[in-house]
Amino acid sequence: MTRPPRTLLLNPGPVTLSSRVREALVRGDLCHREPEFLELQAEICRRLGRVYPEAGDDWVPILLASSGTGAVEAMVGSLVPRDGHALVLVNGVYGERMAAMLAAQGKSHRTLSFPWEAPLDLEQVEACLDSDERVTHVLAVHHETTTGRLNALDGLGALCRRRGLSLLLDAVSSFGAEEIRFLPWGLEAVAASANKCLHGVPGVSLVLVRRSAFSGRPSGATSVYLDLFRHVSPEGGGYPPFTPAVQPLMALDEALRELEETGGWRARRERYRRLSALVGQGLGRLGFVPLLDACDRSCVLTAYHLPPGLEYDCLHDGLREAGFVIYAGQGRLRGGIVRISTMGDVREEDVERLLEKVRTLVES
Ligand SMILES: *Cc1c(COP(=O)(O)O)cnc(C)c1O
C-alpha cells in the first residue's frame with residue numbers, strides 16, 4: 001500500500017516539520033522548576049545567540065510562550081517607554097499591527113505609511129524625524145509578509161544610529177534565513193518566532209534585546225505577562241517567570257541543532273532561494289506574475305498575481321486536496337494574489353508535484 005503524500009504547508013508559518021523536530025516533542029515530561037529545564041533553556045539561548053554570531057553576548061534572547069505577535073508586543077510594550085514617542089513605518093499588515101499595539105498600550109506614536117507595493121522611503125522618514133523631534137524609537141518590519149518584501153534596512157539603521165534613536169525590528173518571518181545586521185543597524189531588539197524560518201513548532205516566540213536596554217530605565221510594559229524586564233529579573237534565578245511551552249521548546253532546541261548542522265542562516269537562505277526560483281519558473285510558465293521585483297523579494301515567501309480566469313478558492317481547494325496548503329492575500333490583496341512560502345521541510349520533488357497540480361488546475 002502506498003502512503004498518501006504528507007501535507008505540505010506552503011503558508012508563512014507554521015511550517016512543515018522535519019521528522020527529527022516532530023519527534024523532539026515527545027522527549028519526555030519536564031518541570032520548568034527543575035535544573036534540567038535550565039539546561040534546556042541555556043542550550044537554546046546559546047544556539048540562538050549563534051544564529052547571528054555578531055549579536056554575540058550583547059543581545060539577550062528571551063523566550064516567551066506565545067505566537068510571533070506576542071514577541072512583537074512584548075518588545076514594543078517593554079522597550080518603548082511610557083513617556084516615549086515612537087515612529088512606526090508601515091508598508092503592510094504587520095507594520096499596522098505594531099501601531100495598533102502602541103495604541104492599545106496608550107503610548108504616543110505616529111505612523112508613516114507607504115503603499116503596500118512600495119519600499120520604505122528614507123527621505124520621507126528623515127523628513128518625518130526632522131518635523132517631529134519627540135521621536136525616541138523607530139519600529140520597522142524586516143520581512144513584510146503581507147507582500148513578501150524584504151525591507152532594506154541599511155539606510156534606516158544608519159539613520160537611527162546617527163540620530164541616537166532606538167530601532168525595534170519585527171523579524172518574525174526573517175529570523176534564521178535572512179541577513180540581520182545587529183551592529184550596523186544599531187538594533188535595540190529583534191522579535192522572532194520558533195515556527196517560521198527556524199522550523200520549530202508554534203507556541204514559542206523570542207525577543208533578542210540589547211543588554212544595555214535593561215539598565216538605567218524602567219520597563220515600559222503595560223502588561224505583566226509580556227514584560228521583558230520581568231523575564232530577565234535576577235530574582236527568578238534564571239527560571240522563567242511563568243510556565244513555558246516545554247515541549248515546543250524541546251522542538252526548538254532540535255530545530256536549532258538542525259539549522260546549525262545544515263549550515264546556518266546563509267545555507268537556509270540559499271535553500272529557500274533555490275526552491276522559490278523553482279516555484280517561480282514553473283508558475284511563470286503558467287501565467288503567474290510576481291507582485292514585486294526580484295530585488296525586493298525575501299527568500300522566504302513570494303506573492304504572485306493570479307493568472308486571468310483562475311479564482312483563488314479554486315486554486316486553494318484543488319491544491320488542498322492534493323496535500324498542499326497555500327496562502328491568500330490579506331486586506332485589499334485578498335482574491336488577487338497567492339502567497340507561497342518555501343519555509344520548512346519542503347523539497348525539490350515536492351515543488352515538482354506542486355507545479356504539476358497547479359498546471360492541471362490552470363488548464364482545466
Ligand atoms: C507571522 C508574522 C508575525 C506574527 O504572527 P503570529 O500569527 O502571531 O505568529 C509577525 N510579524 C510578521 C512579519 C509575520 O510574518
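What you see is a predicted model; the values in this text were computed from it and never measured. (Residues numbered from 1 in each chain as written. Predicted model: local features only at pLDDT ≥ 70, side-chain atom pairs only at ≥ 80, totals over all residues. Heavy atoms only, no water.)

Asks: Requested: an account of the environment of Val325, with residues and values cited.
Replies: Here Val325 lies in strand β13 (residues 324-325). With relative accessibility at 14%, the residue Val325 sits in the buried group. The spacing of Val325 and Ile340 is 15 residues in sequence and 8.9 Å in space, taken between C-alpha atoms. Each residue touching Val325, except ones within four places of it in the same chain, is listed here: Thr7, Leu8, Leu9, Leu10, Asn11 and Arg320. (Helix = DSSP H or I, 4+ residues; strand = E, 2+ residues; numbered from the N terminus. Buried < 20%, exposed > 50% of the residue type's maximum accessible area, 1.4 Å probe, protein only. Contact = heavy atoms within 4.5 Å.)

Asks: Summarise unusual backbone geometry; cite the residues concerned and give the values.
Replies: Following Gly13, the chain continues to Pro14 via a peptide bond in cis, the omega torsion being -5°. With respect to the secondary-structure elements, Pro14 resides in the loop between β1 (8-9) and α1 (19-24). Notably, His199 is not glycine yet its phi reads approximately 70°, a positive angle. By secondary structure assignment, the location of His199 is in the loop between β9 (187-193) and β10 (205-210). Taking relative accessible area as the criterion, His199 reaches 8% and is therefore assigned buried.

Asks: Just give me the short version of the layout of surface pockets, but keep the residues and values in it.
Replies: Here the idea is plain: a probe the size of a water molecule rolls over the atoms and shows the empty space left. The calculated volume of the largest pocket comes to roughly 600 Å³. If you go around the largest pocket, you meet 33 residues; those closest to its centre are Gln41, Cys45, Val60, Pro61 and Ile62. Secondary structure elements with two or more residues in the lining of the largest pocket: α2 (35-51), β2 (59-64) and α7 (228-232). Among the residues making up the lining of the largest pocket, the classes are represented as 20 nonpolar, 9 polar and 4 charged. Looking at the second largest pocket, its volume works out to about 300 Å³. Lining of the second largest pocket is provided by 21 residues; of these, Thr69, Tyr94, Arg97, Val172 and Lys196 occupy positions nearest its centre. Going through the elements one at a time, α3 (68-79) and α4 (93-104) are the ones with two or more residues in the lining of the second largest pocket. With 4 residues, the top contributor of residues to the lining of the second largest pocket is α4. Broken down by class, the residue content of the lining of the second largest pocket amounts to 8 nonpolar, 10 polar and 3 charged. (1 Å grid on protein atoms, 1.4 Å probe; cavity = no way out; pocket = protein on both sides within 12 Å on 5 of 7 lines; lining within 4 Å. Points joined across faces, edges and corners; volume = space filled by probe spheres on them. Nonpolar A, V, L, I, M, F, W, Y, C, P; charged D, E, K, R; others polar.)

Asks: Requested: an account of the site of the ligand, with residues and values cited.
Replies: Taken together, Ser67, Gly68, Thr69, Tyr94, Arg97, Val141, His143, Thr145, Asp170, Val172, Ser173 and Lys196 form the complete shell of residues around the ligand. At 2.4 Å from an oxygen atom of the ligand is found a side-chain nitrogen or oxygen belonging to Thr145. Structurally, the ligand is housed in the second largest pocket. Of the residues in the shell around the ligand, the class split is 3 nonpolar, 6 polar and 3 charged. (Near = heavy atom within 4 Å. Polar contact = N/O pair within 3.5 Å; in protein donor to acceptor, adjacent residues only side chain to side chain. Sits in = over half its atoms within 2 Å of the grid points.)

Asks: Tell me about the pairing of strand β3 (residues 86-90), and name the residues and values.
Replies: Most of β3 sits out of view: 5 of its 5 residues are buried. In β3, alternate side chains face the same way, and those of Ala86, Val88 and Val90 on one face and Leu87 and Leu89 on the other are all buried. Of the strand pairs in this sheet, β3 and strand β4 (residues 109-113) are connected by 5 bridges, and their pairing is parallel. Looking across to β4, one finds that Ala86 is bridged to His109. For the crossover from β3 across α4 to β4, the handedness is right-handed. (Pairing = 2+ DSSP bridges. Right-handed = clockwise from strand over helix to strand, strands pointing away.)

Asks: Lay out the side chain of Ser18 with the relevant residues and their values.
Replies: By secondary structure assignment, the location of Ser18 is in the loop between β1 and α1. Classification of Ser18 by relative accessible area gives buried; the value is 9%. Beyond its immediate stretch of four places on either side in the chain, Ser18 contacts Glu258 and Asp345.

Asks: Pulling in residues and values, what's your account of the sheet that holds strand β15 (residues 337-341)?
Replies: Spatial strand order, β11-β12-β15-β14: 4 strands in an open sheet with antiparallel pairing. Strand pairing shows two members of the sheet lacking a second neighbour, β11 (289-290) and β14 (327-328), which therefore form its edges. By the bridge criterion, 2 bridges tie β11 to strand β12 (residues 301-305) in an arrangement that is antiparallel. Looking across to β12, one finds that Pro290 is bridged to Tyr304. Docked against the sheet, helix α9 (residues 264-285) engages β12 and β15, running at close to 10° with respect to β12. (Axes fitted to C-alpha atoms, helices over the stretch in contact; angles between N-to-C directions.)

Asks: Please give an account of the packing of α9 against helix α11 (residues 348-363) that cites residues and values.
Replies: Running from N to C, α9 and α11 point in directions that differ by 20°, and their axes come no closer than 10 Å. Between α9 and α11, the angle is such that the two are roughly parallel. Handedness of the α9/α11 crossing: right-handed. Where α9 approaches α11, its residues Arg274, Leu275, Leu278, Val279, Gly282 and Leu283 are matched on the opposing element by Glu348, Val351, Leu355 and Val358. Within the contact of α9 with α11, the residues separate by chemical class into 7 nonpolar, 1 polar and 2 charged. (Parallel < 35°, antiparallel > 145°, perpendicular 65-115°, else oblique. Left-handed = near helix turned anticlockwise from the far one by under 90°.)

Asks: Provide a residue-level description of helix α6 (residues 154-163), including the pertinent values.
Replies: Because each turn of an α-helix spans 3.6 residues, side chains separated by three or four positions end up pointing in the same direction. Of all the residues in α6, the buried ones are Leu156, Gly157, Leu159 and Cys160. Down the axis of α6, the sector holding all buried residues measures 160°, keeping them to one side. Exposed and oriented more than 90 degrees from the buried face of α6 are Arg161 and Arg162. At its buried positions, α6 is contacted by β3, α5 (122-131), β5 (137-141) and β8 (166-170). Backbone geometry just after α6 places Gly164 at a positive phi near 70°. (Arc of directions from axis to C-beta.)

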